[in-house]
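Each chain, written out:
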Amino acid sequence: MLSIIVPVLNESESLVELHRQIVASCTAGEIPFEIIFVDDGSTDGSWNVIQNLAEEDERVFGIRFRRNFGKAAALTAGMRAIRGDLVMTMDADLQDDPAEIPKFLERLDEGYDVVNGWKERRLDPWHKVYPSKVFNGMVGYLTGLHLHDHNCGLKLFRAEVAGELRLYGEMHRFVPVLAFARGFRVTEVPVHHRPREFGHSKYGVRRFLRGFLDLLTVKFLIGFGQRPQHALGAMGLFFFAIGMLGLGYLSLLWVLMNVFGVFEPAPIGSRPLLAYSVASTLLGAQALSLGLLAELIVANTGRERDTYSVAERTGRSGAQRNEPVGSVG
């Protein structure tokens with residue numbers, strides 16, 4: 001069965017039509033499915049629409065957050081509630097076309113674990129399109145996974161992928177990268193991108209700054225998530241060595257001036273190299289200490305705490321997996 005997760009934030013006008021299109025696409029393709037709408041703190045009546053859809057269609061399940069916790073939290077809550085062995089994520093604004101679902105399933109059947117959408121002809125303003133191209137290029141360069149559109153809302157992956165990934169912050173855009181880092185097979189397919197009919201975009205200029213910072217986090221997690229001392233320790237050793245070389249040079253110079261009289265005596269304390277060497281040594285020692293502390297944290301703790309809080313759900317027996325209502329993040 002296909003579990004379709006749809007994060008919702010003030011999209012009441014599009015939900016009924018989105019539900020209709022998903023049903024039409026899956027029915028035509030004879031695809032068993034369920035739809036999990038996750039209301040991420042909407043204030044426009046989206047939850048009422050979700051409740052009505054759940055009452056009319058038993059294949060619809062709704063989860064409502066107490067406030068806005070972000071798309072990653074919404075996807076995490078949805079993935080905990082799935083009953084299918086395949087998971088698809090889809091935006092609620094109707095820009096993602098449900099008619100693409102059969103094409104994603106065909107691509108997955110070719111032996112892949114994750115299929116990422118690629119908006120080949122993107123109907124967004126230039127100030128979103130071109131920074132996105134730069135960002136996707138940076139992601140490919142730093143992670144080794146070269147996709148045209150890492151942040152496309154349309155993604156299909158197997159349930160075991162969802163079981164191994166933990167999304168928090170803004171990590172939802174890096175699902176293919178995180179899966180690729182764990183050895184899953186990732187590919188992409190071009191998709192039809194439609195203009196927005198209702199509401200407004202939830203993303204602004206700050207999105208790209210956050211995306212770059214998240215990319216650095218992902219790069220660190222992929223390369224050093226389980227061995228932080230390899231990164232912090234290497235940096236610490238470098239600065240510590242530079243500092244010790246500077247102090248060693250000044251010590252030798254002091255001995256040559258004051259013991260052997262090779263040079264005319266001069267105060268060492270007034271030299272800028274002394275301050276730089278001490279600062280470098282201290283910085284290196286701090287980085288080494290932080291690396292050791294990070295290793296202890298990785299070895300003895302885990303990320304078990306939820307980053308969201310559920311207020312209510314539409315009725316569905318056996319839907320949620322070990323997730324109590326009101327879990328606090």
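Every value quoted in this text rests on a predicted model; they were computed, and no experiment measured them.

## Brief notes about helix α1 (residues 12-28)
Then, number 1: Between its first and last C-alpha atoms α1 spans 25 Å; for 17 residues at 1.5 Å apiece the expected length is 24 Å, and the two agree.
Then, number 2: Buried within α1 are the following residues: Ser12, Ser14, Leu15, Leu18, His19, Gln21, Ile22, Val23, Ser25 and Cys26.
Then, number 3: Those residues of α1 that are buried are in contact with β1 (2-8), β2 (33-39), α2 (46-56), β3 (60-65) and α4 (101-108).
Then, number 4: Glu30 occupies a position one or two residues after α1 and carries a positive phi of about 55°.

## Overview of the pattern of salt bridges
Then, number 1: Under the criterion given, the structure shown has 11 salt bridges.
Then, number 2: Salt-bridge contacts for Arg20 lead to Glu17; the nearest nitrogen and oxygen are separated by 2.7 Å. Of the two residues, Arg20 and Glu17 are both situated in helix α1; the distance of 3 residues between them amounts to about one turn of the helix.
Then, number 3: Residue classification places Arg20 among the partly exposed positions, given a relative accessible area of 47%.
Then, number 4: On the accessibility criterion, Glu17 (29% relative accessible area) is partly exposed.
Then, number 5: The partner of Glu110 in a salt bridge is Arg107, and the shortest N-O contact between them spans 2.5 Å.
Then, number 6: Overlapping salt bridges bring together Asp113, Arg158 and Arg185 as one network.

## Observations concerning unusual backbone geometry
Then, number 1: Residues other than glycine seldom take positive phi values, yet Glu30 does so here, at roughly 55°.
Then, number 2: In this structure, Glu30 sits in the loop between α1 and β2.
Then, number 3: Residue Glu30 is classed as exposed on the basis of its relative accessible area of 72%.
Then, number 4: We note that Leu94 has phi near 70°; this positive angle belongs to a residue other than glycine.
Then, number 5: Within the secondary structure, Leu94 sits in the loop between β4 (86-89) and α4.

## Brief notes about a nonpolar patch on the surface
Then, number 1: Residues Trp254, Val255, Val259, Phe260, Val262 and Phe263 make up a contiguous nonpolar surface patch of roughly 600 Å² in combined accessible area.
Then, number 2: As for its placement among the helices and strands, Val255 is situated in helix α9 (residues 228-258).

## Looking at the packing of aromatic side chains
Then, number 1: Counting across every chain of the model gives 3 aromatic pairs.
Then, number 2: An angle of 85° between the planes, with centres 5.6 Å apart, marks the rings of Phe65 and Phe69 as edge-to-face.
Then, number 3: The class for Phe65 is buried, based on a relative accessible area of 1%.
Then, number 4: Taking 5.3 Å as the distance between ring centres and 80° as the angle between the ring planes, the aromatic pair formed by Phe238 and Phe239 counts as edge-to-face.
Then, number 5: The ring of Phe69 carries the charged tip of Arg67 above its face, separated from the ring centre by 4.0 Å.

Cut-offs used in this document
- Residues numbered from 1 in each chain as written.
- Predicted model: local features only at pLDDT ≥ 70, side-chain atom pairs only at ≥ 80, totals over all residues.
- Heavy atoms only, no water.
- Helix = DSSP H or I, 4+ residues; strand = E, 2+ residues; numbered from the N terminus.
- Expected span 1.5 Å × (residues − 1).
- Buried < 20%, exposed > 50% of the residue type's maximum accessible area, 1.4 Å probe, protein only.
- Contact = heavy atoms within 4.5 Å.
- Salt bridge = Lys/Arg side-chain N within 4 Å of Asp/Glu carboxyl O.
- Patch = residues over 30% accessible without salt bridge, like charges linked within 9 Å, V, L, I, M, F, W, Y side chains within 5 Å.
- Areas by Shrake-Rupley, 256 points an atom, 1.4 Å probe, with all protein chains shown as cover.
- Phe/Tyr/Trp six-rings, centres within 6.5 Å; stacked < 30°, edge-to-face > 60°.
- Lys NZ or Arg CZ within 6 Å of the ring centre and 35° of its normal.

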